[in-house]
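Below, each chain spelled out in residue letters.
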Amino acid sequence: MDLAGLWSHVNLLSALLGLVIFTVLSWFFSRSKNLPPGPRGWPLLGYIPQLARIKEPVHEVFAKMGKKYGPVFCLKIANQLVVVLHNYDVIKEACDQFQLSGRPSFEIGQLTLPGHGILTASGAPWVELRRFSSMALRKLGMGKITFEKQISIEARYLLKEIQKQGRESFNPKEFLQNAVANIICFLVFGSRFEYTDEKFKELLETLHKSHELGGAGGVVEFVPIFAKLTFLPIVKKHMAINRAFEQMMRRLLKEHEKGYRPEISRDYTDAFYSEMKAKDSKGQPTFMNPISLFHSVSGLFGAGTETTTTTLQWVLLYMIAYPEIQAKVQQELDSVVGRDRPPQLSDKPQLVFTQAVLHEIQRVTIVPLGVPHKCMEDTTVSGYHIPKGSLLLTNLWQVLNDPCEWTNPKQFRPERFLDRHGNLVRREKFIPFGVGRRFCLGENLAKMEVFLVFTILLHHFTFKAPEGATITFKAVESLTLAPVPYKVIAVARD
């Protein structure tokens, strides 16, 4: 090797050594400015290697880390700082702050269709979309008695499908998902699908795959560096499913637009069109445009379908696991409603034990880490510095399973929501729909759906486990904690 070659070789080694030293020093000094405590992880990779080896659900692992580091701790996922919040007080303190009301970009979604909707927007766009959406959905009757009729109609279609099964066992997920999706479709598009419609089936299957990927692999959606690695199989999967779902939603919006009439607001999409055109004609600055309409509709459909379907799956599973509780709910229904008509929303105040059962099911079956927040400006939580750009996770599972608040939290006890006189108790730390500025927009609708579908089903049927079946409460971890597939037998009541 000549002198020039040797010098070049030495320079290369020096550069590599310098890069290694820089990386290690950056990693070592990364916990400046009074950041929350937490594990250091690896240079460049952060805590990814440790998470990759974890066999337990992530929310339970975070709960154990919370015992070690406290109610606020942080870790790095590649170059993304993630702050995890654990108890009710710090979650409420954080979620009440405007600085922490942002949403991280769905990075893979931004590759296929840039833009944001009501569930993913931050700052001024979110304020405008949230204000409009809340008003539009209220006018359409979401959470009000005026929307009860549509839920009851869909529940009757669901009853017919279950009746067709006779005494044969079946997996209730598909039937429940069809019904819930149709309720959302009516709210968003003003129409419903037949359960046998192939396009409807394809849409729901794509939605299911998308939520499955939102489990352990969902981190790629929130860490910008992963969106650059489009050669990774997990990223390719996300992109393929996003494109498929996008094509289906575009087709629905295009078909819906043909029937649009400015003077008639049939649904959320019509209301969005009208507001968007009104602001455009007046020259008003607005973040309402066709892209934000697409993302808003997609978000409402996706989130509204998956979470409520999952809740109802758990409802039936707990009923077959605890037949004595199912019988007690039916006794209360018969006493309050009778046998000559279906349950109605007006019956709810008198169906106290039924409400307690639903509360207890929602306590143990939730979106465990909520929907991630993003810090839009430097702020503090519980005295710790939270830098701009941080990702925040709220461990709702820990709040709803905290033994200091819920005695024997692993036990299924609806009575924990009743006082000694049998009245329903409101518990401040019961927050399955989140808390603060970005609490779930569809909370009232979800409560209506779950209550009406549950009571109508138990009014008509007694659900039983197939003979010899093993009942398990193990969950499939995705964006929601869904029960592993199971079967039921629906026995018509006299």
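Residues numbered from 1 in each chain as written. Predicted model: local features only at pLDDT ≥ 70, side-chain atom pairs only at ≥ 80, totals over all residues. Heavy atoms only, no water.

1. Some points on the packing of aromatic side chains
Reasoning step 1: This structure, assessed with the given rule, holds 18 aromatic pairs.
Reasoning step 2: Centroid distance Tyr260 to Tyr273: 5.2 Å. Interplanar angle 55°. Geometry classified as tilted. Of this pair, Tyr260 sits in the loop between helix 11 (233-257) and helix 12 (268-281) while Tyr273 sits in helix 12; the two residues are 13 residues apart in sequence, bridging distant segments of the chain. The residues Tyr260 and Tyr273 share a single accessibility class, namely buried.
Reasoning step 3: Aromatic pair Tyr268 and Phe272: ring centres 6.1 Å apart, planes at 55°, arrangement tilted. (Phe/Tyr/Trp six-rings, centres within 6.5 Å; stacked < 30°, edge-to-face > 60°. Helix = DSSP H or I, 4+ residues; strand = E, 2+ residues; numbered from the N terminus. Buried < 20%, exposed > 50% of the residue type's maximum accessible area, 1.4 Å probe, protein only.)

2. Topic: the packing of helix 11 against helix 13 (residues 290-321)
Reasoning step 1: Axis separation between helix 11 and helix 13 bottoms out at 11 Å; the angle between their running directions is 105°. When the axis of helix 11 is compared with that of helix 13, the two are roughly perpendicular. Listed contacts from helix 13 to Phe245, Glu246, Met249, Arg250 and Leu253 of helix 11 are Leu293, Phe294, Val297, Ser298 and Phe301.
Reasoning step 2: By residue class, the composition of the contact of helix 11 with helix 13 is seven nonpolar, one polar and two charged. (Axes fitted to C-alpha atoms, helices over the stretch in contact; angles between N-to-C directions. Parallel < 35°, antiparallel > 145°, perpendicular 65-115°, else oblique. Contact = heavy atoms within 4.5 Å. Nonpolar A, V, L, I, M, F, W, Y, C, P; charged D, E, K, R; others polar.)

3. A look at the UniProt feature "binding site: heme" (unreviewed entry) in the protein chain
Reasoning step 1: Using the residue numbers shown here, the UniProt feature "binding site: heme" (unreviewed entry) corresponds to Cys440.
Reasoning step 2: Along the chain, the position of Cys440 falls in the loop between helix 16 (396-400) and helix 17 (443-460). (UniProt positions renumbered as here; feature names shortened; annotations may be inferred.)

4. Structural notes on the side chain of His459
Reasoning step 1: Tracing the sequence through the fold places His459 in helix 17.
Reasoning step 2: Take His459: its relative accessible area is 3%, and that puts it in the buried class.
Reasoning step 3: Contacts of His459, omitting those with residues within four sequence positions, involve Leu333, Asp334, Val337, Gly338, Arg339, Arg341, Pro342, Pro343 and Arg493.

5. Here we look at the pattern of salt bridges
Reasoning step 1: The full count for this structure, using the stated rule, is 18 salt bridges.
Reasoning step 2: The residue Arg416 makes a salt bridge to Glu360 at a minimum N-O spacing of 3.0 Å. In this pair, Arg416 is assigned in the loop between helix 16 and helix 17 and Glu360 in helix 15 (residues 352-364), connecting sequence segments 56 residues apart. An identical accessibility class is assigned to Arg416 and Glu360; each is buried. (Salt bridge = Lys/Arg side-chain N within 4 Å of Asp/Glu carboxyl O.)

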